[in-house]
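Observations on chain architecture
Take a look at the letters that make up each chain.
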Amino acid sequence: MRLQFVFGEVLGGLRRNATMVVSVVLVTFVSLTFVGAAALLQVQIDKLKGDWYDLVEVSVFLCPEGSTEPTCAEGEASPEQISTLERTISTELDGVVSTVYFESKTDAFEAFSAQYPDGYQGTQLTADDMQASFRLQLADPEQYQVVDEVLSGRDGVEVVEDQRAIFDPLFLALNRASLVAVGLAVVMLVAAALLIITTIRLSAVSRQRETGIMRLVGASTLFVQLPFMLEGAIAALLGAVLAVVGLWAAVQYLVVDWLAASVDWVEHVTPADVLTIAPLLLGLAVAVAAVSSAVTLHRYTRV
């Protein structure tokens, strides 16, 4: 009987404040869509890092003729210097480097000719114009600094380059976009909380006489406040559900069906990732509604 009364009060409150409830649903939907988009963007960044960081190499470029680096004072890297570097890699970097490939000037020229059969920008190059290098595959891509400390400054080494530097600007831009989405989501969540507060306040004020009578006949604080709390929670949860549905549809039709078909060489987020973050969005909606209720009901449901 009590539950029937509570649900009747909730439905009555939702009908009386329909416009405000719709506003809460829409603002919550937009704000949680931003939150979900930021979370999915981070998931995508992690997938890209997992794919690309395992493929990138550390390139140890050896001294060519005419280099002005102090380590190249003796000219082009000699066979003895190359042998010394091989021993250094196999001993001092054992366990750090998983694969070592030496690319001679001839190998570099063959790769260059395959990529630029007509020359580079109208200039025909020869094998003597190429630069020999070691290509190192790391067991842990995050340990580039170890390789750099061991090999930089050694005779015969002109420069040590980490290919991750190619991707890091992209990841930095994606991370900043994620932060922007989170910032917008916070602003929208504050707006949603204020709307929930306003909705609860209007509902509580319109029913002050009823709540006063309930207090006089011995109704508990929870019983008096529960209908108002449920009104805010239901509106927020509806917005969260819409956000989950919207994100799922966007990932399914824009990413899986369209983007993945065009760009199939990277791993993309999937609808399963949306379902993974769905509890976060639903929980955030409930938390916003609970906080909004807590700061409002203690004042407007007193006798």
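Residues numbered from 1 in each chain as written. Predicted model: local features only at pLDDT ≥ 70, side-chain atom pairs only at ≥ 80, totals over all residues. Heavy atoms only, no water.

1. Comments concerning the pattern of salt bridges
For clarity, the threshold we go by: Each salt bridge in this description consists of a side-chain nitrogen of Lys or Arg and a carboxyl oxygen of Asp or Glu lying within 4 Å of one another. Labels follow the DSSP assignment, with helices taken as runs of H or I lasting at least four residues and strands as runs of E lasting at least two, numbered in each case from the N terminus. The rule is simple: take the accessible area with a 1.4 Å probe, protein chains only, and divide by the maximum for that residue type; under 20% is buried, over 50% is exposed, in between is partly exposed.
Tallied over the full model, the rule gives 3 salt bridges. For Glu92, the salt bridge is made with Arg154, and the minimal N-O distance between the two is 3.2 Å. Taken together, the residues Glu92 in helix α3 (residues 79–92) and Arg154 in the loop between α5 (144–151) and β4 (157–162) connect sequence positions 62 residues apart. In this structure Glu92 comes out as partly exposed when scored by relative accessible area, which is 47%. For Arg154, a relative accessible area of 27% puts it in the partly exposed group.

2. Re the layout of surface pockets
Selection criterion: Note on definitions: the grid is 1 Å and covers protein atoms alone; a cavity is a set of points where a 1.4 Å probe fits but cannot get out; a pocket is an open set with protein on both sides within 12 Å along at least five of seven lines; lining residues have an atom within 4 Å of a point. Grid points are joined across faces, edges and corners, and a volume is the space filled by probe spheres set on the points. Here the term charged refers only to Asp, Glu, Lys and Arg, the term nonpolar to Ala, Val, Leu, Ile, Met, Phe, Trp, Tyr, Cys and Pro, and the term polar to all other amino acids, Gly among them.
In this structure, the largest pocket occupies an estimated 170 Å³ of space. Going through the elements one at a time, α2 (18–52), α6 (164–206) and α8 (221–262) are the ones with two or more residues in the lining of the largest pocket. The greatest single-element share of the lining of the largest pocket, amounting to 5 residues, is contributed by α2. Split into classes, the residues belonging to the lining of the largest pocket amount to 10 nonpolar, 2 polar and no charged.

3. What to know about the packing of aromatic side chains
Put simply, the rule reads: By convention, a stacked pair of Phe, Tyr or Trp rings (six-membered ring in the case of Trp) has centres within 6.5 Å and planes under 30 degrees apart, an edge-to-face pair has planes over 60 apart, and any other such pair is tilted.
Enumeration according to the criterion identifies 1 aromatic pair in this entry. For the ring pair Phe102 and Phe134, a centre distance of 5.1 Å and an interplane angle of 55° mean the geometry is tilted. With Phe102 in strand β2 (residues 97–103) and Phe134 in strand β3 (residues 133–138), the pair connects residues that are 32 residues apart, well separated along the chain. Phe134 sits in the buried class, given a relative accessible area of 1%.

4. Brief notes about the pairing of strand β1 (residues 58–62)
Most of β1 is tucked away, with 5 of its 5 residues classed as buried. Where burial is concerned, the two faces of β1 agree: the one with Val58, Val60 and Leu62 and the one with Ser59 and Phe61 are both buried.

5. Overview of the side chain of Ser67
For the record, the criterion: The term polar contact refers here to a pair of N or O atoms within 3.5 Å; inside protein, the definition further demands a hydrogen-donor-capable atom paired with an acceptor-capable atom, and it admits residues adjacent in sequence only when both atoms are side-chain atoms. Whether two residues are in contact is decided by their heavy atoms, any of which lying within 4.5 Å being enough.
Relative to the helices and strands, Ser67 resides in the loop between β1 and α3. Polar side-chain contacts of Ser67 include one of 3.3 Å to the backbone nitrogen of Glu69. Excluding anything up to four places from it in sequence, Ser67 contacts Cys72 and Glu158.

6. Here's the deal with the sheet that holds β3
Rule in force here: Two strands are said to pair when DSSP picks up at least two bridges between them. For helices, the axis comes from a line fit to the C-alpha atoms of the stretch in contact; other axes are also lines fit to C-alpha atoms, and the angle between any two N-to-C directions lies between 0 and 180 degrees.
Pairing is antiparallel across the open sheet formed by 4 strands, whose spatial order is β2-β3-β1-β4. On the outer flanks of this sheet lie β2 and β4, each paired with one strand and no other. Taken over all neighbouring pairs, the strand axes of this sheet differ in orientation by 15° on average, direction set aside. Pairing of β2 with β3, which is carried by 6 bridges, proceeds in the antiparallel orientation. By the bridge assignment for β3, Glu103 is matched with Ser133. Relative to the sheet, α5 contacts β1, β2, β3 and β4, its axis offset from that of β4 by approximately 175°.

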